[in-house]
Amino acid sequence: MKLWKPIVSFLLIAAMLTTFQNGKRDDGNHSKAVPLCTPDASRQAVKVFEFLRKNVGKNMLSATMATVDWNTNEAEWVHQHTGKYPAMNCFDYLHLHSTTNRPNYEDVSVLEQWWKCNGLVALVWHWNVPVEQGSKEYAFYAGNMKDRRLTTFDISKAVQEGTYENQVVKADMDKVADCLLLLKEKDIPVIWRPLHEASGGWFWWGVNGPEAYKALWKLMFDTFQKKGLNNLIWVWTSEEGDMDWYPGDTYVDIVGRDSYNKTNEEIASSYQRLSNEYPGKLVALSECGKVSTMSEQWQSGARWAWFMPWYCRSLTHDLHSEDFMGTAHSHADKSWWVDAVNQSFVVTRDRMPSLK
């Protein structure tokens, strides 16, 4: 057996050299067609997913997060300071139950216009539920979060047929599905990232462990399939060391990581760990703030499918305010974005093909 060791070592070195040529990470299995977890996915969803896969290791898409309103204000702020729009804009169904200042989720013109300009549409859902049974107050935080309105909503009961909690989640899923169907009717694919950061324990969907969480994820997936939502690309957000929370390849297309206040070494380590833990899956920096520049991350080997700094509402809440002209930002300031859009590997909206 000892005679084989030099041969094995040689083969390992050869494999490593093949993977990293000219300082670039080979896209490996990402170049091969892989079906979305949604059966009979829409043509547009397939095209978006394949575009993302073909760019792995070669390019990263830029993205911005809407403020809590239904808008592209953060993207406009980036454009104002760099001359470029990000390739993707993410929206949020946060105010589904709001009775005042609720965005009109039935009016999808903002998303439709973004898609017409070749931008990708993403959606997240900070899922507000009653703070207690029968309450008219809503919250999505739970656990030991301080200075936040908290809910006692029990996810373990939410996946039990016939309970109050089960009725609530089913009704809410129906409402969101109806909103998403409006986008399907417009042939707009959606990068869909629900139930994020679960294992952190600060949201109600992550309080009672992985089994109830995975059951809720699958309930949503199955509900949306029955509704005919074939325009979704499903993104699951991982925290550190939470593989037991993963819903499974059958229910997830892309794995995301939300990172704040991390060093470049931590970012690179996080990327490598996710790539190893979920081989064959695209890996995205689904949220970030106060992290190293994208040029530094790229140099250290972090080749995310896309990156998305979180919004700064005090800066971008009003396009016509004096605040909007500022260059400081709580998560990614002007200099950070200037660095990003000037990298040849960062894709902005003007470089996006039509995926219609």
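Residues numbered from 1 in each chain as written. Predicted model: local features only at pLDDT ≥ 70, side-chain atom pairs only at ≥ 80, totals over all residues. Heavy atoms only, no water.

**Side note on the packing of aromatic side chains**
Then, in step 1: For the structure on display, the rule yields 32 aromatic pairs.
Then, in step 2: Seen from their ring centres, Phe140 and Tyr141 are 4.7 Å apart, and the 40° between their planes marks the pair as tilted.
Then, in step 3: Taking the relative accessible area as the measure of exposure, Phe140 reaches 13% and is therefore buried.
Then, in step 4: For Tyr141, a relative accessible area of 16% translates into the label buried.
Then, in step 5: Summarising the aromatic geometry, the rings of Trp310 and Tyr311 are spaced 5.3 Å apart at their centres and angled 35° between planes, so their arrangement reads as tilted.
Then, in step 6: When its relative accessible area of 16% is taken as the criterion, Tyr311 is described as buried.
Then, in step 7: The cationic tip of Arg303 hangs over the ring face of Trp298; the distance from NZ or CZ to the ring centre is 4.0 Å.
Then, in step 8: We note Arg349 situated over the ring of Trp114; from NZ or CZ to the ring centre the distance is 4.5 Å. (Phe/Tyr/Trp six-rings, centres within 6.5 Å; stacked < 30°, edge-to-face > 60°. Buried < 20%, exposed > 50% of the residue type's maximum accessible area, 1.4 Å probe, protein only. Lys NZ or Arg CZ within 6 Å of the ring centre and 35° of its normal.)

**Notes on the environment of Trp236**
Then, in step 1: Mapped onto the secondary structure, Trp236 falls in strand 9 (residues 232–238).
Then, in step 2: What makes Trp236 buried here is its relative accessible area of 0%.
Then, in step 3: Spatially, the C-alpha atom of Trp236 lies 9.9 Å from that of Ala284, the residues being 48 residues apart in sequence.
Then, in step 4: Dropping the residues within four chain positions of it, Trp236 is found in contact with Tyr213, Trp217, Asp242, Trp245, Tyr246, Pro247, Val252, Ile254, Val255, Gly256 and Tyr278. (Helix = DSSP H or I, 4+ residues; strand = E, 2+ residues; numbered from the N terminus. Contact = heavy atoms within 4.5 Å.)

**Description of the nonpolar core**
Then, in step 1: Formed by 115 residues in total, the largest nonpolar core has its most connected members in Trp192 and Trp306.
Then, in step 2: Examining the composition of this core, we find that nine residues originate from one element, helix 6 (residues 164–185), more than from any other. (Core = buried A, V, L, I, M, F, W, Y, C linked by side-chain atoms within 4.5 Å.)

**Concerning the pairing of strand 8 (residues 190–193)**
Then, in step 1: Residues Val190 and Trp192 line one face of strand 8 and the alternating positions Ile191 and Arg193 line the opposite face, and both faces are buried.
Then, in step 2: Where strand 5 (residues 120–124) and strand 8 come together, three bridges link them in parallel fashion. Its bridge partner being in strand 8, Val124 is matched across the sheet by Arg193.
Then, in step 3: Inspection of the sheet shows strand 8 paired to strand 9 by three bridges, in the parallel sense. Along strand 9, the bridge assignment pairs Ile191 with Ile233.
Then, in step 4: Viewed along the sheet, the connection from strand 8 through helix 7 (residues 210–226) into strand 9 turns out right-handed. (Pairing = 2+ DSSP bridges. Right-handed = clockwise from strand over helix to strand, strands pointing away.)

**Considerations on the side chain of Asn71**
Then, in step 1: With respect to the helices and strands, Asn71 occurs in the loop between strand 3 (60–65) and helix 3 (73–82).
Then, in step 2: Asn71 sits in the buried class, given a relative accessible area of 11%.
Then, in step 3: At a separation of 2.9 Å, a polar atom in the side chain of Asn71 contacts the side chain of Thr67.
Then, in step 4: Polar contacts involving the side chain of Asn71 include one to the main-chain amide nitrogen of Asn73, which spans 3.3 Å.
Then, in step 5: Not counting residues within four places of it along the chain, the set of residues in contact with Asn71 comprises Ala66, Asn89, Phe91 and Val110. (Polar contact = N/O pair within 3.5 Å; in protein donor to acceptor, adjacent residues only side chain to side chain.)

**Things to note about the environment of Val78**
Then, in step 1: With respect to the element layout, Val78 can be found in helix 3.
Then, in step 2: Accessibility expressed as a relative area gives 1% for Val78, which makes it buried.
Then, in step 3: Note: C-alpha distance between Val78 and Met352 (274 residues apart in sequence) is 17 Å.
Then, in step 4: Beyond its immediate stretch of four places on either side in the chain, Val78 contacts Thr64, Gly83, Lys84, Pro86 and Trp337.

**Some points on helix 11 (residues 334–341)**
Then, in step 1: Listing the buried residues of helix 11 in full gives Trp336, Trp337, Asp339, Ala340 and Val341.
Then, in step 2: In this structure, the buried side of helix 11 is in contact with strand 3, helix 3, helix 9 (294–299), strand 12 (306–309) and strand 13 (346–347).

**Side note on the confidence of the model for the protein**
Then, in step 1: Mean pLDDT over the protein stands at 91; residues scoring 70 or higher make up 91%.
Then, in step 2: In the model, residues 1–28 has pLDDT below 50 throughout and makes 15 contacts with residues more than four positions away in sequence or in other chains. (pLDDT = per-residue confidence, 0-100.)

**Regarding the pattern of salt bridges**
Then, in step 1: Across all of its chains, the model carries 13 salt bridges by this definition.
Then, in step 2: With a closest N to O distance of 3.5 Å, Asp174 and Lys227 form a salt bridge. Taken as a pair, Asp174 in helix 6 and Lys227 in the loop between helix 7 and strand 9 lie far apart in primary sequence, 53 residues in all.
Then, in step 3: Salt-bridge contacts for Arg273 lead to Glu240; the nearest nitrogen and oxygen are separated by 2.8 Å. One end of the pair, Arg273, is in helix 8 (residues 264–277); the other, Glu240, is in the loop between strand 9 and strand 10 (254–260), and 33 residues separate them in sequence.
Then, in step 4: Given the relative accessible area of 32%, Arg273 is considered partly exposed. (Salt bridge = Lys/Arg side-chain N within 4 Å of Asp/Glu carboxyl O.)

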